[in-house]
Amino acid sequence: METADLSHHISRRFNEDLERVRSKVLGMGGFVEQQLRKAITALIEGDSSLGESVALDDHQVNNMEVMIDEECSKILATRAPAAGDLRVIVAIIKTITDLERIGDEGEKIGYIASRLATMERPADKYREIKHLGRVVSEMVHDALDAFARMDVESALRVARQDRLVDEEYEAIQRQSITFMMEDPRTIRRDHAKNISEYVIYMVHGKDIRHTSLDDVERELRAGAPGGTAPTSASA
């Protein structure tokens, strides 16, 4: 085989490797996009089971990230890409990191949706959150489309939308704070329970969200010196 033919063969194989990885990134992105939409739907519609399913499926996103990252590392080690090809690999690694983080946020929304489903829904039925969720979901979709087509102009349009999302988020936050200050009774006691759960997690490293308080108290007493429940991180 002549040198030129060998070079062409190596280049073709390298391109195939890159295309395979890019395809997997788009598959991961599609799944994350679906998870985000489901989480928002679960929150808006008060669908506890849908929210839980989104949260429980987050491990699939993590697995995809690990698999793609390993493939990228293999390409870097065996192909020694340079210039534009190296930039593609770096961009892929950064992209899957952000997709994994979006997946984490979807998981959080799913958990929140499953818990809020048992409570009375607000009169506006989360209208502002619904609109913001739609905008963010469209941004994720458009960003993935720009990635698939390597479309710089589309990518810039998505980036410019970020300011709009920030403004809407801040407006909702201000509205919520004002609402709670005007009528403190609207701050449900469940929030205090949540904070208590976080404290127990910080001190003992135990997630008690799905455990009865009686069982938690018995376990803490059993594990404490002298059989008494610890009251601080130093206990």
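So, how was this worked out
- Residues numbered from 1 in each chain as written.
- Predicted model: local features only at pLDDT ≥ 70, side-chain atom pairs only at ≥ 80, totals over all residues.
- Heavy atoms only, no water.
- Phe/Tyr/Trp six-rings, centres within 6.5 Å; stacked < 30°, edge-to-face > 60°.
- Lys NZ or Arg CZ within 6 Å of the ring centre and 35° of its normal.
- Patch = residues over 30% accessible without salt bridge, like charges linked within 9 Å, V, L, I, M, F, W, Y side chains within 5 Å.
- Areas by Shrake-Rupley, 256 points an atom, 1.4 Å probe, with all protein chains shown as cover.
- Salt bridge = Lys/Arg side-chain N within 4 Å of Asp/Glu carboxyl O.
- Helix = DSSP H or I, 4+ residues; strand = E, 2+ residues; numbered from the N terminus.
- Core = buried A, V, L, I, M, F, W, Y, C linked by side-chain atoms within 4.5 Å.
- Buried < 20%, exposed > 50% of the residue type's maximum accessible area, 1.4 Å probe, protein only.
- Contact = heavy atoms within 4.5 Å.
- Axes fitted to C-alpha atoms, helices over the stretch in contact; angles between N-to-C directions.
- Parallel < 35°, antiparallel > 145°, perpendicular 65-115°, else oblique.
- Nonpolar A, V, L, I, M, F, W, Y, C, P; charged D, E, K, R; others polar.
- Left-handed = near helix turned anticlockwise from the far one by under 90°.

Participant: Before we go on, may I ask you to explain the packing of aromatic side chains in this structure?
Facilitator: For any pair of aromatic rings, the description rests on two quantities: the centre-to-centre distance and the angle between the ring planes. One pass over the full model with this rule turns up zero aromatic pairs. It is arginine 22 that lies over the ring of phenylalanine 147; its NZ or CZ is 5.7 Å from the centre.

Participant: Just to check I follow, could you spell out a nonpolar patch on the surface for this structure?
Facilitator: Residues Leu76, Leu86 and Val90 make up a contiguous nonpolar surface patch of roughly 200 Å² in combined accessible area. Within the fold, leucine 86 resides in helix H4 (residues 83-116).

Participant: What am I meant to see in the nonpolar core here?
Facilitator: Within soluble globular proteins, side chains that are nonpolar tend to cluster in buried spots. Core analysis: the largest hydrophobic core is formed by 23 residues, its most contacted members being Val21, Val25, Met28, Ile68, Cys72, Ile92 and Leu99. Elements with a minimum of two residues in this core: helix H1 (3-45), helix H3 (58-79), H4 and helix H5 (127-149). Broken down by element, this core gets its largest block of residues, 10 residues, from H1. For isoleucine 68, the residues in contact, after removing those within four places along its chain, are Val21, Lys24, Val25, Met28, Ile92 and Ile96. Leu132, Val135, Val165 and Ile172 belong to the second largest nonpolar core, which has six residues in total.

Participant: Help me understand the packing of H3 against H4 in this model?
Facilitator: When two helices pack together, their arrangement is given by the angle between the helix axes and by the axis-to-axis distance. Contact geometry for H3 and H4: axes closest at 9 Å, N-to-C directions at 170 degrees. Of the possible angle classes, the one that applies to H3 and H4 is roughly antiparallel. Residue-level contacts link Asp58, Val61, Asn62, Glu65, Ile68, Asp69, Cys72, Ile75 and Leu76 of H3 to Leu86, Ile89, Ile92, Ile93, Ile96, Thr97, Leu99, Glu100, Gly103, Asp104 and Glu107 of H4. The residue makeup of the contact of H3 with H4, split by class, is 11 nonpolar, three polar and six charged.

Participant: Got a minute to help me understand unusual backbone geometry in this structure?
Facilitator: One can expect most non-glycine residues to show negative phi and most peptide bonds to be in trans. Phi at alanine 80 takes a positive value of approximately 45 degrees, unusual for a residue other than glycine. For alanine 80, the location among the structural elements is in the loop between H3 and H4. A residue is classified by how much of its surface remains accessible, and alanine 80, at 57% relative accessible area, is exposed.

Participant: Would you explain the packing of helix H2 (residues 48-56) against H4 in this entry?
Facilitator: Across the interface, H2 lies against H4 with an axial gap of 7 Å and an inter-helix angle of 150 degrees. In this view, H2 runs roughly antiparallel relative to H4, as classed from their interaxial angle. Seen along the crossing, H2 lies across H4 with a hand that is left-handed. Contacts from Ser48, Gly51, Glu52, Val54 and Ala55 in H2 reach Gly106, Glu107, Gly110, Tyr111, Ala113 and Ser114 in H4.

Participant: Got a minute to help me understand the pattern of salt bridges in this structure?
Facilitator: Going through the model one piece at a time under the given rule, you end up with 11 salt bridges. Measuring nitrogen to oxygen at the nearest pair gives 3.9 Å for the salt bridge that ties aspartate 98 to arginine 101. Highlighted residues: aspartate 98 and arginine 101, both in helix H4, separated by three residues, approximately one helical turn. Residue arginine 149 pairs with aspartate 151 through a salt bridge whose shortest N-O separation is 2.7 Å. Each of Asp17, Arg20, Lys24, Glu71 and Arg79 takes part in a single network of salt bridges with overlapping partners.

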